[in-house]
Amino acid sequence: MSITRAKPLDDLYEQVAEYDLVLVPDAPLASALNRRLDRPHLGTFATTPRRLAAGRIEKAEDRTAFLELVERSDLDWKRSAYAIGNIIQCWEHQGQVDSVLEYESYADDVTREAVTYIEGLETTSKRLTEYRIEDGQDVAVVGEDQFTTLERSIFPETYDTFSPFCEEAFEYPPFRLFDSTAAIIETLVDSITMDNADDIAVVLDRGSAYSTLVESALEAADIPFYGGPGFNDDPDHRTFCQLLRLAHRGRDTRVRDVKPVLRKLGIDLDVEHDEKRLHDLDSPVVEWVLEFCESVESQTFDQAINAFEERTERSLDAFRDELATLCLDDEHVTEDAVDRLEFYLQSYEVPVDRENDGVLLADAKSAAYVDRPTVFFLGLDEDWTHADPRRPWVDRDAQYTRNIQQFQLLLQSGAEQYYLVQDTSGGSPVTPCLYFEELLDEEFDQFSDLNSVRNGRSSWGRTDGFEKESIDATTTEIETVSQSSLSTYVNSPRDYFFSRIVDGPDKDYFKEGNLFHDFAEFYVAHSDAVDASMIDDVVDMMLKETRPFVRRVDRETRRTKYRVGLETICDFLDENVPADGSFLTAETGWGENIFAEHFDREIETPITERWFENDDLGLKGKIDLVHGPHRLVDHKSGSLKRASQVVKNSAIDPPSDTPNFQALLYLTHWRTQQPHEELEFTFFHFLETLDDVVAGDADLDETLTTVTYYPGDFESFAWSRETFEDLRENGYSKCQKILGKIEYEDYSAVFEAAELPDTRDSDEFIESRFGQTLVARMKDEIGDYKYVTKGCEQLMRGLINTRRHNYFQEDLDAFEEFVDERIDELNHRRRGEERFPIEGLAGEPNYRRVDNRDLLLETDD
């Protein structure tokens, strides 16, 4: 099958011109034929059955029936609307108003009562049911298959039929592929001027993003249009409804969820407030909104509109009239009333007066003919497919025939057609409208599989494709990276790029973490001043600072959490008293400390919050606590990671899917301050024992994870007498047993005979030449016993275990080179010589660690 060519309107007119009456299934087609009428004609020439019976443009009778039912009965709104929809649809397909009652599962009390009311209403369907065409008229029917049973009921006994199609196929124009919706809208608006607006129509899915974007773009360009935004789309109407809903959402509503409403009210809050709760936001700019929400239930809808109009200086007269029609204007703004209002507005299209000039916006699922010279079709995706009617009174085959014929006719509207589509969206193929599967003799999954051109623009003197304008720009070279930015970059360079240019909201865990860090710094400087009373004050301050982020029901739980965290910090610092810092150069404090300011005390210590920027290595960061010359401490509010996890996450060849280079980066910097020394980096997870503290059984050691840097290489470490003695005293049992039977020289000889493998995998280590040499040597020295083999394996697992939990010289050397490569690569991309790719060094990014997921469009570069 293929798309059947639509009969040219001029040809169709010539075929029906001599008839007294021409019945067509679509009002735009009737208008097009009437415009071509070139002789005097008494009465109606071309029309639809409904217009003929009603004698006017038909109204939305489902809304009319609903308003009558609401006013004259106490029936539930949702049940009434459901019943009315079934009655009118069944009437359309079966021909009688009470036909729905023949279907037992639908013939409930509400439907029976609704039928009684609707029978007495002067609806278009009632007039259509009673109407008959006068005898003696020559009647032509165009597209007979597209009429419903009720529409056919007015047909005379004899009439002539005409197909809207020719016999040949329609060669559809190419699909013009764009990378984004925005590019489609830009191309569309660039093609329209004030001079040609009346010659252009745009066909789109009314429920898609294209609808609002096209309307906004045309408004911004001062280009007139009609057929688009309705009563519900009016920004003031929409904002007022959203404000009413906000008033009933409760006190835990976050700023991010209501930002559109706030902007319409002239309130623009920075992105940093997005995660905060609106009702706990300490800002005068939201006072009016909060006062409105607090008092709304004591107001009527009319009073609420007055308050809204006074705030916005806009008139909502049409909305006030509609509330009066619904008898809601004097009703209080309860949540139930708002629910009913929202249901009505979502269910029915309220008519609005429009000027019929400018660009015509047509709904893809309502129109069959668009009589404009140039027609743009936007999207053409699966949302253009009509919903399958699932009612027993609908002949689904006949309905499908009507829909697919309408689709074919629509595609050919206009003398020039332009199909503007996206081939992919969000990294996934866009599925063309499902009707294409039957109409096209081609196999396809997306538009690019069909006749298509990429980035095509329409006519009006433009050529296909986009031109790139080169600009001269200089970029600032990145000289140093922090551990967080490096981890983000390794996971996804493009996510790193967007993190540099897109602001993100404050998070509760960031706020809490900063407060805990401030207290730890304060305690190091003034431990003698901190007592139980001050802890109480600090907890209250933390609750106040985090209040906008925390639900009311969670605040007492947070109080316990904060107290436990503060007391654990005190216990750790009491048991692990830091050095006085005399070994460090003095420096000014890093930022402000909320507790120092509150308690009016200075913090003059070089060992806390110590900032470093190592230009030679390209590294920068902030050390929470320099505990001593050879030990750094980082305070963590998150869950504890074992030392092996810390080392694994800092791997560079290949990188981990959860990259975190903090310990490795800080130790790499610190060895330049303490060269040739053994160094420690300790993560202090001060909330790790929260549950144990509450239960009264906490162990401070369970909050600590320490990784050690050994200044030599791993082979020298493993070869050393110190390691031999340590394994002999503290190794696994059979390892101790075999080492107790040999001397260090026997152990050392193995390293002379075989090279140590470069691995952190114990099985690989055991199976290596070194492993085989070790087992053979120990058997020669001790004897061929099973425990010798087992002891050797335990010895090698002990060595690997040490390597998996710590860093050695080669690890930090490799990291320095790794950082140099990343900085060079990063600056290469910043200069525009290459795009920032989505995939990181380990391949597809770990999306759980991506901050800008919506910006990572997975399309071909």
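Described below are features of the structure shown in this document.

Considerations on the overall build of the protein
Now for step 1: When its secondary structure is counted, the protein shows 35 helices and 21 strands.
Now for step 2: Based on the C-alpha atoms only, the size of the protein along its principal axes is roughly 125 × 65 × 65 Å.
Now for step 3: The buried share among the 861 residues of the protein stands at 51%.
Now for step 4: Considering only residue pairs separated by 6 or more positions, the protein has 72% of its internal contacts joining residues 24 or more positions apart.
Now for step 5: About 42,700 Å² of surface is accessible on the protein, with carbon and sulfur atoms providing 42% of the total.
Now for step 6: Across the protein, the centroid of the 91 positively charged side chains sits 3 Å from that of the 184 negatively charged ones.

Concerning the sheet that holds strand β3 (residues 46-47)
Now for step 1: The parallel open sheet is built from four strands, whose spatial order is β3-β2-β4-β5. At either end of the open sheet lies a strand with only one pairing partner, and these are β3 and β5 (160-162).
Now for step 2: Where strand β2 (residues 21-23) meets β3, two bridges bridge the pair, whose relative direction is parallel. Note on β3: the bridge partner recorded for V22 is A46.
Now for step 3: Lying over the sheet, helix α1 (residues 9-16) contacts β2, β4 (139-142) and β5, oriented at roughly 150 degrees with respect to β4.

Quick look at the environment of H635
Now for step 1: By the secondary structure assignment, H635 is in strand β18 (residues 631-636).
Now for step 2: Apart from the residues within four sequence positions on either side, H635 is in contact with H517, A520, D624, L625, F684 and F686.

Some details on the nonpolar core
Now for step 1: If you look at the biggest cluster of nonpolar residues, it comprises 77 residues, and the most contacted ones within it are F66, L244 and F319.
Now for step 2: Per element, the largest residue contribution to this core is eight residues, and it comes from helix α5 (residues 77-94).
Now for step 3: The residues touching F66, leaving out its near neighbours within four places in the chain, are W77, A81, I84, L326, Y344 and Y348.
Now for step 4: Counting residues in each nonpolar core, the second largest holds 68 residues, with L515, V538, L543 and L667 among its members.

Brief notes about the sheet that holds strand β16 (residues 608-614)
Now for step 1: Across the sheet, six strands lie side by side as β16-β17-β18-β19-β20-β21; this open sheet has mixed pairing. Looking at strand neighbours, the two that pair on one side only are β16 and β21 (807-808), the edges of this open sheet.
Now for step 2: Note that β16 and strand β17 (residues 619-628) share six bridges and pair antiparallel. Looking at the pairing, T608 lines up with L625 of β17.
Now for step 3: Seen against the sheet, helix α21 (residues 508-526) touches β16, β17 and β18 and runs at an angle of roughly 105 degrees to β16.
Now for step 4: Most of the contacts of helix α26 (residues 662-673) go to strand β19 (residues 679-685), to which it runs at about 140 degrees, and overall it touches β16, β17, β18, β19, β20 (704-710) and β21.

Regarding the side chain of Q794
Now for step 1: Within the fold, Q794 resides in helix α34 (residues 786-805).
Now for step 2: The contacts of Q794, once residues within four sequence positions are left out, are Y732, S733, K734 and C735.

Quick notes on the pattern of salt bridges
Now for step 1: Counted according to the given criterion, the structure contains 58 salt bridges.
Now for step 2: Residue R36 pairs with D371 through a salt bridge whose shortest N-O separation is 3.9 Å. Of this pair, R36 sits in the loop between α2 (27-35) and β3 while D371 sits in the loop between β10 (359-363) and β11 (374-378), and the two are 335 residues apart along the sequence.
Now for step 3: According to the relative accessible area criterion, R36 is partly exposed, its value standing at 25%.
Now for step 4: Here D339 makes a salt bridge to R245, at a shortest N to O gap of 2.5 Å. Of this pair, D339 sits in helix α16 (residues 335-347) while R245 is found in helix α11 (residues 235-247), placing the two residues 94 residues apart along the sequence.

Looking at α21
Each turn of an α-helix holds 3.6 residues, which means side chains three or four residues apart point in the same direction.
Now for step 1: For α21, which comprises 19 residues, the first-to-last C-alpha distance of 27 Å matches the rise-based estimate of 27 Å (1.5 Å per residue) to within 8%.
Now for step 2: Among the residues of α21, E512, G513, L515, F516, H517, D518, F519, A520, E521, F522, Y523 and H526 are the ones counted as buried.
Now for step 3: In this structure, the buried side of α21 is in contact with α22 (532-546), α23 (555-575), α24 (594-598), β16, β17 and β18.

Details of empty space enclosed by the protein
Now for step 1: Here the structure, examined in full by the defined rule, presents two cavities of 30 Å³ or more.
Now for step 2: The space that makes up the second largest cavity amounts to roughly 30 Å³.
Now for step 3: Lining the second largest cavity, in full, are H517, A520, E521, V524, T608, E609, D624, L625 and H635.
Now for step 4: At four residues, the largest contribution of residues to the lining of the second largest cavity is made by α21.
Now for step 5: Each residue belonging to the lining of the second largest cavity can be placed in one class, and the counts come to three nonpolar, three polar and three charged.

A closer look at the side chain of T682
Now for step 1: With respect to the helices and strands, T682 occurs in strand β19.
Now for step 2: The class for T682 is buried, based on a relative accessible area of 0%.

Concerning a positive patch on the surface
Now for step 1: On the surface, K734, K737, K741 and K790 cluster together into a positively charged patch.
Now for step 2: Mapped onto the secondary structure, K734 falls in helix α30 (residues 733-739).

What to know about the packing of α5 against helix α6 (residues 109-119)
Now for step 1: For the pair α5 and α6, interaxial distance at closest approach is 9 Å and the crossing angle is 65 degrees. The hand of the α5/α6 crossing is right-handed. Every residue of α6 that contacts α5 at R79, S80, A83, I84, I87 and W91 is listed here: V110, T111, A114, V115 and I118.
Now for step 2: Looking at the contact of α5 with α6, its residues break down into eight nonpolar, two polar and one charged.

As for the pairing of β20
Now for step 1: In terms of burial, β20 is a largely internal element, five of the seven residues being buried.
Now for step 2: With six bridges joining them, β19 and β20 adopt antiparallel strand pairing. What sits directly across from E680, in β20, is T708.

Regarding the packing of α21 against α23
Now for step 1: Remark: α21 packs on α23, axes separated minimally by 10 Å, with the N-to-C direction vectors making an angle of 35 degrees. Classified by chirality, the crossing of α23 by α21 is right-handed. Contact with α21, carried on its side by D508, E512, F516, F519, A520, Y523 and V524, involves R558, K561, Y562, G565, L566, I569, C570, L573 and D574 of α23 and no other residues of that element.
Now for step 2: Class assignment for the residues of the contact of α21 with α23 results in ten nonpolar, one polar and five charged.

Re the packing of aromatic side chains
Now for step 1: Summed over all chains, the structure comprises 55 aromatic pairs.
Now for step 2: Its end group placed over the ring of Y787, K737 keeps NZ or CZ at 4.0 Å from the ring centre.
Now for step 3: Of note, R853 hangs over the ring of Y847, and the distance from its end group to the ring centre comes to 4.0 Å.

Notes on a negative patch on the surface
Now for step 1: A cluster of acidic residues, D571, D574, E575, E688, D697, D699, D701 and E702, forms a negative patch on the protein surface.
Now for step 2: Counting through the fold element by element, D701 comes out in the loop between α27 (690-695) and β20.

Structural notes on a nonpolar patch on the surface
Now for step 1: A surface patch of nonpolar side chains, amounting to about 310 Å² of accessible area, comprises F497, I501, V502 and L855.
Now for step 2: One can find I501 in helix α20 (residues 493-501).

Rules and cut-offs
Residues numbered from 1 in each chain as written. Predicted model: local features only at pLDDT ≥ 70, side-chain atom pairs only at ≥ 80, totals over all residues. Heavy atoms only, no water. Helix = DSSP H or I, 4+ residues; strand = E, 2+ residues; numbered from the N terminus. Buried < 20%, exposed > 50% of the residue type's maximum accessible area, 1.4 Å probe, protein only. Contact = heavy atoms within 4.5 Å. Areas by Shrake-Rupley, 256 points an atom, 1.4 Å probe, with all protein chains shown as cover. Lys, Arg positive; Asp, Glu negative; His and termini not counted. Charge placed at Lys NZ, Arg CZ, Asp CG, Glu CD. Pairing = 2+ DSSP bridges. Axes fitted to C-alpha atoms, helices over the stretch in contact; angles between N-to-C directions. Core = buried A, V, L, I, M, F, W, Y, C linked by side-chain atoms within 4.5 Å. Salt bridge = Lys/Arg side-chain N within 4 Å of Asp/Glu carboxyl O. Expected span 1.5 Å × (residues − 1). 1 Å grid on protein atoms, 1.4 Å probe; cavity = no way out; pocket = protein on both sides within 12 Å on 5 of 7 lines; lining within 4 Å. Points joined across faces, edges and corners; volume = space filled by probe spheres on them. Nonpolar A, V, L, I, M, F, W, Y, C, P; charged D, E, K, R; others polar. Patch = residues over 30% accessible without salt bridge, like charges linked within 9 Å, V, L, I, M, F, W, Y side chains within 5 Å. Left-handed = near helix turned anticlockwise from the far one by under 90°. Phe/Tyr/Trp six-rings, centres within 6.5 Å; stacked < 30°, edge-to-face > 60°. Lys NZ or Arg CZ within 6 Å of the ring centre and 35° of its normal.

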